[in-house]
Amino acid sequence: MKKIILSFLFTSLLMTMAAQNSVGKFSVKPKVGVNLSTLSSSDHVYKYRAGFTAGAELEYGVSNVLGISLGAMYSQQGANIEGQYSDITINEEGNLFGDAGWADGKITSSNIIFPLMANIYIPAFEHFILKVGAQLGFNLSNKMQLDMPFAINYYPQPSTSPLEYDSGRSYYKSHLADSEVFKSVDFGIPLGIVYEYKGYSLELLYYLGLTDVKNLSKIPEEYDFFQSFRNRYLSITLGYRLR
């Protein structure tokens, strides 16, 4: 019976605990960290790359378990480009054309982002905060550097054997730098979790971009193997709450 009572008291204590949230008051949290960013696309050539992020968020305490915050952050995003790509087309005569090659390079972008978040203080787990909201981002600058060796093969149809085809090959390296690769505005959903102790916080946040940020009008036709892409990144930041 004594163990049951102690267990009940301990559980009740946990259920009343929450990370400190000042109801009806504002707090400011400067923070700095790193982004691990990539681009979501059907091309499968985009890999994660590291970038810098820093800024602050202003939070208002709505209740003991809810705060609303608006942040302003500088965010470096983009992706490394590494992998094979291919594109197959059939002309009016039924002949098959196939492009295949290797893409190697990187895309980098600098952004100012404004996340509007609901911060949910978990009663059963002291110091932990869940975050969910919406984010608007504005592109400041971007750059693409790319090497693209590739081959073009021609397959007359019908073919009596897979080995029977004519092949014309070409090879080149290209550099597309300081190009307006991205659109100027991005919108998406950030989801995160925070551990906060005595004002210090460690935040893990994932951003799911909903906007197709590829600027079709600025990327030359020879790079048309790039499909639409959307921003994705994992952000890890350290911060300190000023009340």
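Conventions used here
Residues numbered from 1 in each chain as written. Predicted model: local features only at pLDDT ≥ 70, side-chain atom pairs only at ≥ 80, totals over all residues. Heavy atoms only, no water. Salt bridge = Lys/Arg side-chain N within 4 Å of Asp/Glu carboxyl O. Helix = DSSP H or I, 4+ residues; strand = E, 2+ residues; numbered from the N terminus. Buried < 20%, exposed > 50% of the residue type's maximum accessible area, 1.4 Å probe, protein only. Core = buried A, V, L, I, M, F, W, Y, C linked by side-chain atoms within 4.5 Å. Contact = heavy atoms within 4.5 Å. pLDDT = per-residue confidence, 0-100. Polar contact = N/O pair within 3.5 Å; in protein donor to acceptor, adjacent residues only side chain to side chain. Phe/Tyr/Trp six-rings, centres within 6.5 Å; stacked < 30°, edge-to-face > 60°.

A. Region of the structure containing the pattern of salt bridges. Following the criterion strictly, the structure yields seven salt bridges and no others. The salt bridge involving Glu57 is made with Lys31; its shortest N-O contact spans 3.4 Å. Taken together, the residues Glu57 in strand 3 (residues 49-61) and Lys31 in strand 1 (residues 26-40) connect sequence positions 26 residues apart. Both residues of the pair, Glu57 and Lys31, count as buried. Taking the shortest distance from any N to any O, the salt bridge between Lys31 and Glu203 comes out at 3.1 Å.

B. Structural view of the nonpolar core. Core analysis: the largest hydrophobic core is formed by 13 residues, its most contacted members being Leu39, Tyr46, Ile81, Ile107, Phe182 and Phe229. For Ile107, the residues in contact, after removing those within four places along its chain, are Leu39, Tyr46, Arg49, Gln77, Gly78, Ala79, Ile81, Lys143, Met144 and Phe182. Listed in part, the six residues of the second largest apolar core include Ile113, Met117, Leu205 and Tyr233.

C. Main features of the confidence of the model for the protein chain. With 65% of its residues at a pLDDT of at least 70, the protein chain reaches an overall mean of 78. Low pLDDT, under 50, characterises residues 8-18; the stretch is placed with 13 contacts to residues that sit more than four places away or in other chains.

D. Layout of the environment of Gln77. Mapped onto the fold, Gln77 is located in strand 4 (residues 66-90). Accessibility expressed as a relative area gives 6% for Gln77, which makes it buried. With 24 residues separating them in the primary sequence, Gln77 and Thr53 have C-alpha atoms 9.1 Å apart. In this structure Gln77 touches Asn35, Ser37, Ile107, Thr108, Ser109, Asn111, Ile113, Asn231 and Tyr233, once residues within four positions along its chain are discounted. At 2.9 Å, the side chain of Gln77 and the side chain of Ser75 are in polar contact.

E. Examining the side chain of Ser75 more closely. Its location among the elements puts Ser75 in strand 4. Not counting chain neighbours up to four residues away, the residues in contact with Ser75 comprise Asn35, Phe52, Thr53, Ser109, Ser110, Asn111, Ile113 and Tyr233.

F. Broad picture of the packing of aromatic side chains. Following the criterion strictly, the structure yields seven aromatic pairs and no others. For the pair Tyr207 and Tyr233, a centre-to-centre distance of 5.1 Å together with 25° between the ring planes defines the contact as stacked. With Tyr207 in strand 10 (residues 200-209) and Tyr233 in strand 11 (residues 230-240), the pair connects residues that are 26 residues apart, well separated along the chain. Through a chain of ring-to-ring contacts, three or more aromatic side chains come together here, namely Tyr46, Phe182 and Phe229.

G. Spotlight on unusual backbone geometry. Phi angles above zero are rare outside glycine, and His127 is one such case at about 80°. Here His127 shows up in the loop between strand 5 (96-121) and strand 6 (128-147). Residue classification places His127 among the buried residues on the basis of a relative accessible area of 18%. Positive phi values are uncommon outside glycine, yet Lys198 reaches one of about 50°. By the element assignment, Lys198 lies in the loop between strand 9 (185-197) and strand 10.

H. Expanded view of the environment of Tyr200. Take Tyr200: it is sitting in strand 10. Contacts of Tyr200, omitting those with residues within four sequence positions, involve Tyr195, Gly239 and Tyr240.

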